[in-house]
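Analysis of the macromolecular model
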Amino acid sequence: MIIDNHPFSVDQGHLMIGGLNTIDLAKKYGTPLYVYDVSLIRKNCRAFVNTFERLDIKAQVAYASKAFSSIAMLQVVKQENLSLDVVSEGELYTALQADFPVERIHLHGNNKSMNEVNMAIEHDIGCIVIDNFHDIALVDTLLKKHDKQMDVLMRVTPGIESKTHQYIMTGNEDSKFGFNLRNGQADKAFQLLHNHPFIRLKGLHCHIGSQIFETDRFLMAADHLFAEIAKWHELYGYIPEVLNLGGGFGIRYTEEDNPIQLSRYVEALAEAVKQHAAKLSIPLPEIWIEPGRSIAGNAGITLYTVGAMKQIPGVRQYLSVDGGLTDNLRPALYQAKYDGVIANKADFPPTQTVSIAGKCCESGDMLIWDLPVPDVDDGDILAVFSTGAYGYSMANHYNRFPNPAVIFAEDGIDKLVVARETYQDVVKHDLSYE
């Protein structure tokens, strides 16, 4: 049996992932517990890479490590020959610890520090994405200091409002990211970067948002970018070597979501870039994309142990678990929706509808509203689907809960890749006042 709309199977009533019984994993490692199907991570990576190869287009698929960054995760991404998008010293340090090829690392960020840029330059990473005029001045100063040159992309905001939550919308005109195409900022930045003695402007970057289920907004972004490129080509003879169209490709969280095949995003973007390049009679630029959620998201689940239950007659039944907004902040942060199943009764017919409450001291700590489940007992295991992106990344110590462990499951073998924090870990940076 296959769980409806989720890439996991059921064996004798128990949810399986990566060839392993989730109930056995919960007993072995405890809960809350993040579990990843590594074969599905690989499949998602290959959906992008193989499509570019089939289309015979030079490209880089850069995993957006903000979705989930750990040494083991980056090692898998490296094995699949992806590039890497980092946005901080911590993410860059993790990449270096994973021995990720530095020439395939790209540094993002809307407020890069001197330390971050220094670290990128010292390690000769492949590219810095310039986000604002502060970036230009900082990168210029530090490259002069190091007497080095470096490839950069210039991030622009194309003025497109994607159909997603406002908190994960990044390509609209009113955004903290990038140079605005409409008010002359992009023109001014281009003039500063073009023919710069230390900064090599390789091309343009844009990112319109996240959890997007259609290709039309991406194609509109390409139209806006090429309108600007056409102007710069006519005025300055500029020919971009790279066009980075970002990520944000949607995945399924609940039955309300209807994602398209990952290959279709690549096909649509490649065709649009081809047409624009032909129209300008310029060489086809290398196409870069930055999937994160669409690689890690549906490959991960979170396992919880069921505890207290509260029935409010005529209103709602609450089912509490041993995690919550400390291991999955997204529902409290922007009302993200999830699906789940009682993992030890995964093929039992539902008999009731419950709402899954976390154990943090917040009324807003609700993981799922109105989930159909069978009869539930104290100690049952709840599996929440599609938590592979931004679960562990956003984990926090509210109420001083330790962060959960992370398990990789592949071909029937389980491997601990992030150890569960202890209470000693939680207080290890506390200093006494006595």
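Higher on the page you've got the structure.
Below or above, wherever it landed, is the structure these notes cover. Model, not experiment: these values are computed from the prediction.

1. Topic: the packing of aromatic side chains
Summed over the entire model, instances satisfying the criterion amount to 15 aromatic pairs. Relative to phenylalanine 249, the ring of phenylalanine 48 lies with its centre 5.5 Å away and its plane at 35°, an arrangement referred to as tilted. Taken as a pair, phenylalanine 48 in helix α2 (residues 38-54) and phenylalanine 249 in the loop between β12 (242-244) and α9 (262-280) lie far apart in primary sequence, 201 residues in all. Neither phenylalanine 48 nor phenylalanine 249 differs from the other in exposure class; each is buried. Taking 4.2 Å as the distance between ring centres and 10° as the angle between the ring planes, the aromatic pair formed by phenylalanine 190 and tryptophan 232 counts as stacked. With a gap of 42 residues between them, phenylalanine 190 in helix α7 (residues 185-193) and tryptophan 232 in helix α8 (residues 216-236) connect regions that are remote in the sequence. The pair formed by phenylalanine 190 and tryptophan 232 is uniform in burial state, with each residue classed as buried. An aromatic cluster of three or more residues is present, and its members are Tyr34, Tyr36, Phe68, Tyr392 and Phe408.

2. What about the sheet that holds strand β1 (residues 9-11)?
Spatially, the three strands line up as an open sheet ordered β1-β2-β3, and their pairing is antiparallel. The open sheet has two edge strands, β1 and β3 (20-21), and neither has a second partner. As judged from the two bridges shared by strand β2 (residues 14-17) and β3, these two strands associate in the antiparallel manner. For methionine 16, the partnering residue across the bridge sits in β3 and is asparagine 21.

3. Some details on the pairing of strand β8 (residues 127-130)
Covered by surrounding structure in β8 are Cys127 and Val129 together with Ile128 and Ile130, the residues of both alternating faces. For the segment spanning strand β7 (residues 105-107), helix α5 (residues 114-122) and β8, crossover handedness is right-handed. Here β8 pairs with strand β9 (residues 150-157) via three bridges, running parallel. Looking across to β9, one finds that isoleucine 130 is bridged to methionine 154. Considered for its hand, the β-α-β crossover made up of β8, helix α6 (residues 133-146) and β9 is right-handed.

4. Focus on the side chain of asparagine 132
Checked against the element boundaries, asparagine 132 lands in the loop between β8 and α6. Polar side-chain contacts of asparagine 132 include one of 2.8 Å to the backbone oxygen of asparagine 110. For asparagine 132, the side chain forms a polar contact with the main-chain nitrogen of histidine 134, separated by 3.2 Å. With near-sequence residues (within four places) excluded, asparagine 132 lies in contact with Asn110 and Phe179.

5. Side note on helix α4 (residues 89-97)
Turning to α4, its buried residues number three or more, namely Glu91, Leu92, Thr94 and Ala95. Down the axis of α4, the buried side of the element spans an arc of 160°, and every buried residue falls inside it. Where α4 is buried, its residues meet α3 (71-79), β6 (83-86), β7 and α5. Between a side-chain oxygen at the N-terminus of α4 and the backbone nitrogen of glycine 90 the separation is 3.3 Å; the capping residue is serine 88. Where α4 ends, the next residue or the one after it, aspartate 99, has phi of about 55°, a positive value.

6. Observations concerning the nonpolar core
Formed by 89 residues in total, the largest nonpolar core has its most connected members in Tyr36, Tyr63, Met73, Ile128, Met154 and Phe408. Grouped together as the second largest cluster of nonpolar side chains are 23 residues, Ile3, Tyr29, Leu33 and Ile381 included.

7. Some thoughts on unusual backbone geometry
Leaving glycine aside, a negative phi is the common case for residues, and trans is the common case for peptide bonds. Cis geometry marks the peptide bond from threonine 31 to proline 32; its omega dihedral reads -5°. For proline 32, the position within the fold is in the loop between α1 (22-29) and β4 (33-37). With a phi close to 55°, aspartate 99 is a non-glycine residue in the positive phi region. Topologically, aspartate 99 is positioned in the loop between α4 and β7. A positive phi is found at aspartate 411, a non-glycine position, where the angle reads about 55°.

8. Things to note about the pattern of salt bridges
Between side chains of opposite charge, a pair can form when the charged atoms approach closely. Evaluation of the coordinates by the stated rule reveals 21 salt bridges. Two residues, glutamate 80 and arginine 46, come together in a salt bridge whose shortest N-O distance is 2.7 Å. Remark: arginine 46 occurs in helix α2 and glutamate 80 occurs in the loop between α3 and β6; sequence separation between them is 34 residues. Since its relative accessible area comes to 8%, glutamate 80 is described here as buried. Judged by its relative accessible area of 40%, arginine 46 is partly exposed. The partner of arginine 54 in a salt bridge is glutamate 267, with the nearest N and O atoms 2.7 Å apart. One end of the pair, arginine 54, is in helix α2; the other, glutamate 267, is in helix α9, and 213 residues separate them in sequence. Judged by relative accessible area, arginine 54 falls into the exposed class, the value being 53%. Residue glutamate 267 is classed as partly exposed on the basis of its relative accessible area, which comes to 31%.

9. As for the pairing of strand β15 (residues 316-321)
On β15, burial follows the alternation: Gln317, Leu319 and Val321 on one face are buried, whereas Arg316, Tyr318 and Ser320 on the facing-out side are not. Pairing geometry for strand β14 (residues 300-312) and β15, over five bridges, is antiparallel. In the strand pairing of β15, glutamine 311 is matched with glutamine 317. Between β14 and β15, which pair antiparallel one after the other, the connecting turn spans three residues, and glycine 314 there sits at a positive phi close to 75°. Two strands pair when backbone bridges link them, and β15 and strand β17 (residues 352-357) are joined in this way by three bridges, in the parallel orientation. Among the inter-strand pairings, leucine 319 is bridged to a residue of β17, identified as isoleucine 356.

10. Thoughts on α2
For α2, spanning 17 residues, the distance from its first C-alpha to its last is 24 Å, which sits close to the expected 24 Å at 1.5 Å a residue. Taken as a whole, α2 carries its principal kink of about 30° at arginine 46. For α2, the complete set of buried residues consists of Val38, Leu40, Ile41, Arg42, Asn44, Cys45, Phe48, Val49, Thr51 and Phe52. Two residues or fewer after α2 comes aspartate 56, characterised by a positive phi angle close to 55°.

Reading the values: the criteria
- Residues numbered from 1 in each chain as written.
- Predicted model: local features only at pLDDT ≥ 70, side-chain atom pairs only at ≥ 80, totals over all residues.
- Heavy atoms only, no water.
- Phe/Tyr/Trp six-rings, centres within 6.5 Å; stacked < 30°, edge-to-face > 60°.
- Helix = DSSP H or I, 4+ residues; strand = E, 2+ residues; numbered from the N terminus.
- Buried < 20%, exposed > 50% of the residue type's maximum accessible area, 1.4 Å probe, protein only.
- Pairing = 2+ DSSP bridges.
- Right-handed = clockwise from strand over helix to strand, strands pointing away.
- Polar contact = N/O pair within 3.5 Å; in protein donor to acceptor, adjacent residues only side chain to side chain.
- Contact = heavy atoms within 4.5 Å.
- Arc of directions from axis to C-beta.
- Core = buried A, V, L, I, M, F, W, Y, C linked by side-chain atoms within 4.5 Å.
- Salt bridge = Lys/Arg side-chain N within 4 Å of Asp/Glu carboxyl O.
- Expected span 1.5 Å × (residues − 1).
- Bend = angle between axes of the 7 residues up to and from the residue.

Remember, this is a structural readout, not a statement about activity or role.
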